[in-house]
Amino acid sequence: DSGVTQTPKHLITATGQRVTLRCSPRSGDLSVYWYQQSLDQGLQFLIQYYNGEERAKGNILERFSAQQFPDLHSELNLSSLELGDSALYFCASSVGGGTGNEQFFGPGTRLTVL
Amino acid sequence: KNEVEQSPQNLTAQEGEFITINCSYSVGISALHWLQQHPGGGIVSLFMLSSGKKKHGRLIATINIQEKHSSLHITASHPRDSAVYICAALASGSARQLTFGSGTQLTVLP
């Protein structure tokens, strides 16, 4: 158990819908990272937050947004969902803000868009 | 061409064999991560290294910065080592994101 929690574990929804994925980092970790793992693209970095501020942005679509709250939990919002958004979404956390820190991964949320 | 390439893509070994998984990258990096993804999907960080060699139990990771190459070795492999192993590079400079290899599916047979 990494200490990182993600909810929900599974999510099934329809195209055009909007969903919110939630991540709670390990106690004491200030950084949260979001990753998408799809069958055709593998693992891709989406976005990083450090202590409430956006720190780095990767291949995140405009339909996707994220935020980190004062209690350090983070939410990833996915809107206007398409079939291709079906994937495993992981969050990870680390103590510091540089991605050179070891990251601890949550169990993932499996999103299926029908 | 992917910035991070792994080989082999698939690897089947007998229990007890010594295993090597390779990772090559084309950009300058400040660190390289090795991750293990279990059949259920969970990801565990195995190593983060920027030079030399690290060892944890039966796992050894090495990196050669000049040759832009890293290897993950598993000694005395066991069926519970069966998983996907992924390397990820952190580019040096202002970039702060990990770029992932496509993974190596390892199956260790009893």
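Data block above holds the structure.
Since the structure is predicted, the reported quantities are computational estimates derived from the model, not experimental observations.

What counts, and at which threshold
Residues numbered from 1 in each chain as written. Chains lettered and ligands numbered in written order. Predicted model: local features only at pLDDT ≥ 70, side-chain atom pairs only at ≥ 80, totals over all residues. Heavy atoms only, no water. Salt bridge = Lys/Arg side-chain N within 4 Å of Asp/Glu carboxyl O. Helix = DSSP H or I, 4+ residues; strand = E, 2+ residues; numbered from the N terminus. Contact = heavy atoms within 4.5 Å. Buried area = accessible area lost by both parts, 1.4 Å probe. Polar contact = N/O pair within 3.5 Å; in protein donor to acceptor, adjacent residues only side chain to side chain. Nonpolar A, V, L, I, M, F, W, Y, C, P; charged D, E, K, R; others polar. Pairing = 2+ DSSP bridges. Axes fitted to C-alpha atoms, helices over the stretch in contact; angles between N-to-C directions. Buried < 20%, exposed > 50% of the residue type's maximum accessible area, 1.4 Å probe, protein only. Disulfide = S-S within 2.5 Å.

Trainee: Explain the pattern of salt bridges here, please?
Mentor: For side chains bearing opposite charge, pairing can occur when the charged atoms are close. Residue and element names in this part refer to chain A. Scanning the model with the defined rule gives four salt bridges over all chains in all. Linking Asp29 and Arg26 is a salt bridge whose minimum nitrogen-to-oxygen distance equals 2.8 Å. Glu82 is paired through a salt bridge with Arg63; the nearest N and O atoms lie 3.7 Å apart. Of this pair, Glu82 sits in the loop between strand 8 (74–78) and strand 9 (87–94) while Arg63 sits in the loop between strand 6 (53–57) and strand 7 (64–68), and the two are 19 residues apart along the sequence. Salt bridges sharing common partners tie together Arg63, Glu82 and Asp85.

Trainee: Sorry if this is basic, but what is going on with the interface of chain B and chain A here?
Mentor: Taken together, the 13 residues of chain B in the interface contact 20 residues of chain A. Between chain B and chain A, roughly 1,400 Å² of surface is buried when both sides are summed, and carbon and sulfur atoms account for 59% of that area. The interface formed by chain B and chain A contains one residue pair in polar contact (both at pLDDT 80 or more). Taken together, the elements giving at least two residues each to the side of chain B that touches chain A come down to strand 4 (29–37), strand 5 (43–49), strand 9 (83–91) and strand 10 (98–100) of chain B. Residues belonging to the side of chain B that touches chain A are distributed by class as follows: seven nonpolar, five polar and one charged.

Trainee: Hey, could you run me through the sheet that holds strand 8 (residues 69–74) of chain B in this one?
Mentor: Strands in a sheet are paired, the pairing made by backbone hydrogen bonds, and the direction either parallel or antiparallel. All names here are of chain B. Read from one edge of the open sheet, five strands run 1-3-8-7-6, paired in antiparallel fashion. If you trace the sheet from one side to the other, it starts and ends with strand 1 (4–7) and strand 6 (52–56), each paired once. Each strand of the sheet is rotated relative to its neighbour by a mean of 15°, with strand direction disregarded.

Trainee: Please explain the pairing of strand 8 of chain B as it appears in this structure.
Mentor: The two faces of a sheet get side chains in turn, since along a regular strand they alternate between them. Residues and elements named next belong to chain B. A large share of strand 8 lies buried, amounting to five of its six residues. For strand 3 (residues 19–25) and strand 8, the ladder comprises six bridges, and the chain directions are antiparallel. Bridging from a neighbouring strand, Cys23 pairs with Ser70 of strand 8. Connecting strand 7 (residues 59–64) to the next strand, strand 8, in antiparallel fashion are four residues, including Lys68 with a positive phi near 55°.

Trainee: Just checking my understanding: could you explain the state of the cysteines for this structure?
Mentor: Under the criterion given, the structure shown has two disulfides over all chains. At a sulfur-sulfur separation of 1.9 Å, the disulfide partner of A:Cys23 is A:Cys91. One disulfide, between A:Cys23 and A:Cys91, carries an S-S torsion of 70° and so falls in the right-handed class. Residue A:Cys23 is found in strand 3 (residues 19–24), and its partner A:Cys91 is found in strand 9; the two are separated by 68 residues along the sequence. The same class applies to A:Cys23 and to A:Cys91, which are both buried. Disulfide pairing places B:Cys23 opposite B:Cys87 at an S-S distance of 2.0 Å.

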